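# A structural walkthrough
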Amino acid sequence: MKKRVLGLVLAFCLLPVVFAGCGSQGETASSGEADTAVVRMNIGSEPDSLDPWQSAATDTEAIFHNVFEGLCSFDETGAIVPGLAQRWEVASDGLTYTFFLREGVQFHNGKEFTAEDAVYTYNRLAGLDGEEPLSSDFTVVESVEASDEHTFVVHLKQPSAAFLALNIEPILPEGYEEQATHPVGTGPFRFVEYTPAQRVVLEKNPDYYDQEKMPRIDRAEIYIMTDPAAVVSALQSGSLDVASIEADDAQVLEGQFDIVNAPQNMVQILALNNSQAPFDDVRVRQAISYAVDKDQIVDSVFGGYATKLYTNFSPVMETYYNDSLEGTYDTDLEKAQALLDEAGLGDGFTFTVKVPSNYQPHIDTAQILAQQLRPLQITMEIETVEWATWLEDVYTNANYQGTIIGLSGKLDPQDVLGRFASDYDRNFYRYSNPEYDQLLASAATELDPEARAETYKRCQEILTQDAAGVFLCDPNLVVACRKDLKGYTFYPVGFLDFSKLYYETA
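The rules we used
Residues numbered from 1 in each chain as written. Predicted model: local features only at pLDDT ≥ 70, side-chain atom pairs only at ≥ 80, totals over all residues. Heavy atoms only, no water. Helix = DSSP H or I, 4+ residues; strand = E, 2+ residues; numbered from the N terminus. Rg over C-alpha atoms; globule rule 2.2 N^0.38 Å. Buried < 20%, exposed > 50% of the residue type's maximum accessible area, 1.4 Å probe, protein only. Contact = heavy atoms within 4.5 Å. Areas by Shrake-Rupley, 256 points an atom, 1.4 Å probe, with all protein chains shown as cover. Lys, Arg positive; Asp, Glu negative; His and termini not counted. Charge placed at Lys NZ, Arg CZ, Asp CG, Glu CD. UniProt positions renumbered as here; feature names shortened; annotations may be inferred. Core = buried A, V, L, I, M, F, W, Y, C linked by side-chain atoms within 4.5 Å. Polar contact = N/O pair within 3.5 Å; in protein donor to acceptor, adjacent residues only side chain to side chain. Salt bridge = Lys/Arg side-chain N within 4 Å of Asp/Glu carboxyl O. Pairing = 2+ DSSP bridges. pLDDT = per-residue confidence, 0-100. Axes fitted to C-alpha atoms, helices over the stretch in contact; angles between N-to-C directions. Phe/Tyr/Trp six-rings, centres within 6.5 Å; stacked < 30°, edge-to-face > 60°. Lys NZ or Arg CZ within 6 Å of the ring centre and 35° of its normal. Parallel < 35°, antiparallel > 145°, perpendicular 65-115°, else oblique. Left-handed = near helix turned anticlockwise from the far one by under 90°.

Of the regular secondary structure elements, the protein holds 13 helices and 20 strands. Relative to the globule expectation of 23 Å for 506 residues, the C-alpha radius of gyration of the protein, 23 Å, shows essentially globular dimensions. Overall, the C-alpha framework of the protein stretches about 70 × 60 × 35 Å when taken along its three principal axes. Put simply, the protein has 506 residues, and 57% of those count as buried. For the protein, restricting intrachain contacts to residue pairs at least 6 apart in sequence, the fraction spanning at least 24 positions comes to 70%. With the model as given, the accessible surface of the protein reaches about 19,400 Å², and the carbon-plus-sulfur share is 44%. Mean positive and mean negative side-chain charge positions of the protein (33 and 79 charges, respectively) differ by 2 Å.

Structure follows, in structure tokens:
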């Protein structure tokens, strides 16, 4: 099953980076063509797969949203907007979606995009071709058809309020089998190369159908870098033109670069395995929650560039965010101790958190949490693990007691809250609550936006009351840009939008 719900924000492999032929000017290409506008930036992780149907990592999707497109897209506010479908109609019963596709669109391999490519894509995603579905989200699809070359129709088994947002899933060309090595989409940038441990390179698609969104740069070079000091050095030497940076480095670079920041719509969480003792006892999980000082994490780890959380939603998801939960589990060691006493663990205990080894803020957070738990005689041992090991041990097999991870936001709240559903195959928290599952199921088919939002707010209450995990903060994304590089745009989901970047000429 494709790992669609978890989108992870992490930095992964501490590996050397080679800047081949990079000078001090972002408008000088690696090839030496002085008239080629090149933007070089960093990314914190290796692509987990070049095939978009196999990728789960947010960093990977952030790059390849430039290469692939779905029937729908999204704007800076997270609103669903036309993509490869220029418009759509929804039947009054909510069971039939008719997409009217753009004409004159070509895949990067020269193949014309038609409704048959959409049929191929949705058959694979939903398992309508007899194969295992690539995404559990698409099992709501009953059937699909191409009414004509540019009209695509989807029939659902039941109404789904989340379905429209699912249509940002990339449409791939029928018959092309090399996505894992040379991905092909319809987006404003084409894939050029991926050098493991070094970089991903994209180039402008001169045949892109939307002239208003035609890229103003010719090439994007994305370097895999995980050492914050190396990122700062690369910016100062001119080897990078734009980079996501640590909050502490913003002061160092201010004045030399434009510094911009915004919430990531990410939830940093201390996840506790609800199926393993002692965290199978809600009182223990609540005690941990009361022991945590989130302000210290926000200030010490993120330099104040973060928003502390009480739910698994960031406030940037304003429509669905339950602000009544703010203040829940404010630090109270007396309450924490009383809960532990009640659970028979008043003398404390020892547990281990597995933390991905290459994302320093999660490691720093773990160290602070370990200190904060000591007054309760709780010993939190920190085990740093490689990303591949984390995926296997924690994400896939739930072989862990605690972990610290970043959960990226999604465009639809069902994808966010669905992470905690009992029947979700990547519910690595091993959380289970029948009322929660029932509410989540009802929200999935609720077409009244206000009623749906209220249901999701109640779901958040349940998660917080049950202390399914310790929701810590939403760290801001802090970015340093060359002063003549303009157009950097923030989105509520991971997306490095290279099509909006341009160099300001004197």
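What follows concerns the UniProt feature "domain: Solute-binding protein family" (unreviewed entry) in the protein. When the UniProt feature table is mapped onto this chain numbering, "domain: Solute-binding protein family" (unreviewed entry) sits at residues 80-425. Taken end to end, residues 80-425 comprises 26% helix and 26% strand; its first and last C-alpha atoms sit 27 Å apart.

Moving on: the nonpolar core. Core analysis: the biggest nonpolar cluster contains 62 residues, and Phe 99, Phe 152, Val 154, Phe 163, Leu 202 and Phe 498 have the highest contact counts within it. Ranked by residue count, the leading element in this core is helix α2 (residues 115-126), at seven residues. Those residues in contact with Phe 498 that sit more than four places away from it in its chain are Met 41, Asn 66, Phe 189, Leu 202, Ile 217, Ala 220 and Ile 222. Of all hydrophobic cores here, the second largest spans 37 residues; its members include Ile 269, Tyr 400, Leu 407 and Ala 468.

Along the chain, the position of Ser 499 falls in the loop between β19 (485-486) and β20 (502-503). At 2.6 Å, the side chain of Ser 499 and the side chain of Asp 497 are in polar contact. Once residues within four sequence positions are removed from consideration, Ser 499 is found in contact with Asn 66, Pro 188, Phe 189, Lys 213, Met 214, Pro 215 and Arg 216.

Moving on, we get to the pattern of salt bridges. For the structure shown, the criterion picks out 21 salt bridges. With a closest N to O distance of 2.9 Å, Arg 40 and Asp 241 form a salt bridge. Of the two residues, Arg 40 is situated in strand β1 (residues 38-43) and Asp 241 in the loop between α4 (228-237) and β11 (242-245); the sequence distance between them amounts to 201 residues. As a salt-bridge pair, Asp 258 and Lys 486 come within 3.3 Å of each other at their nearest N and O atoms. Placement of Asp 258 in strand β12 (residues 258-263) and of Lys 486 in strand β19 is noted, with a sequence separation of 228 residues between them. Owing to a relative accessible area of 22%, Lys 486 belongs among the partly exposed residues under this scheme. Counted as one network, the salt bridges with shared partners bring together Arg 40, Asp 241, Arg 482 and Asp 484.

Before going further, it helps to spend a moment on the pairing of strand β6 (residues 141-148). Note that β6 and strand β7 (residues 151-156) share six bridges and pair antiparallel. Its bridge partner being in β7, Val 144 is matched across the sheet by Val 154. Counting the residues between successive antiparallel strands, the hairpin from β6 to β7 contains two residues.

This paragraph deals with the confidence of the model for the protein. Looking at the protein, pLDDT values average 91 and 93% of them are 70 or higher. Segment residues 1-33: pLDDT under 50, and 144 contacts once partners within four positions in sequence are set aside and those in other chains are kept.

With that settled, the discussion passes to the sheet that holds β7. The pairing of strands in a sheet happens through backbone hydrogen bonds and is either parallel or antiparallel. The sheet built from four strands is open, its strands ordered β4-β5-β7-β6 with antiparallel pairing. Strand pairing shows two members of the sheet lacking a second neighbour, β4 (85-90) and β6, which therefore form its edges. On average, each strand axis in the sheet is inclined to that of its neighbour by 20 degrees, with strand direction left out of account. Sheet analysis places strand β5 (residues 96-101) next to β7, joined by five bridges and oriented antiparallel. Bridging across to β7, Phe 99 finds its partner in Phe 152.

The subject of this paragraph is the packing of aromatic side chains. Two numbers describe a pair of aromatic rings. These are the distance of the centres and the angle of the planes. In the structure shown here, the tally under the stated rule is 31 aromatic pairs. On the basis of an interplanar angle of 45 degrees and a centroid distance of 4.5 Å, the ring pair of Tyr 208 and Tyr 209 is categorised as tilted. Ring plane angle 80 degrees and centroid distance 5.0 Å describe the contact between Phe 279 and Phe 351, whose orientation is recorded as edge-to-face. Taken together, the positions of Phe 279 in the loop between β13 (266-272) and α6 (282-291) and Phe 351 in strand β15 (residues 349-356) put the pair 72 residues apart, joining distant regions of the chain. Lying over the aromatic face of Phe 100, Arg 87 brings its terminal NZ or CZ to 3.9 Å of the ring centre. Directly above the ring of Tyr 502 sits Arg 216, whose terminal nitrogen or CZ lies 4.0 Å from the centroid.

Looking now at the packing of α6 against helix α8 (residues 333-342). For the pair α6 and α8, interaxial distance at closest approach is 8 Å and the crossing angle is 160 degrees. Comparing the axis directions of α6 and α8 gives the class roughly antiparallel. Of the two elements, α6 crosses α8, and the hand of that crossing is left-handed. Along its contact with α6, which presents Arg 283, Val 284, Gln 286, Ala 287, Tyr 290 and Ala 291, the element α8 presents Leu 333, Lys 335, Ala 336, Leu 339, Leu 340 and Glu 342.

Time to look at the environment of Ala 62. With respect to the helices, strands and loops of the structure, Ala 62 is situated in helix α1 (residues 58-64). Under the relative-accessibility criterion, Ala 62 is labelled buried at 5%. As for Ala 62 and Tyr 429, which are separated by 367 residues in sequence, their C-alpha atoms are 25 Å apart. Ignoring anything within four residues of it in the chain, the contact list for Ala 62 reads Gly 494, Phe 495 and Leu 496.

This next bit is on the environment of Gln 106. Mapped onto the secondary structure, Gln 106 falls in the loop between β5 and α2. Under the relative-accessibility criterion, Gln 106 is labelled partly exposed at 37%. Separated by 65 residues in sequence, Gln 106 and Met 41 place their C-alpha atoms 28 Å apart. For Gln 106, the contacting residues outside a window of four places in its chain are Lys 111, Glu 112, Phe 113, Gly 185, Thr 186 and Asp 207.

With that settled, consider unusual backbone geometry. Of note, the bond from Ala 277 into Pro 278 is cis; its omega dihedral lies within 30 degrees of zero at 5 degrees. Position of Pro 278 among the secondary structure elements: in the loop between β13 and α6.

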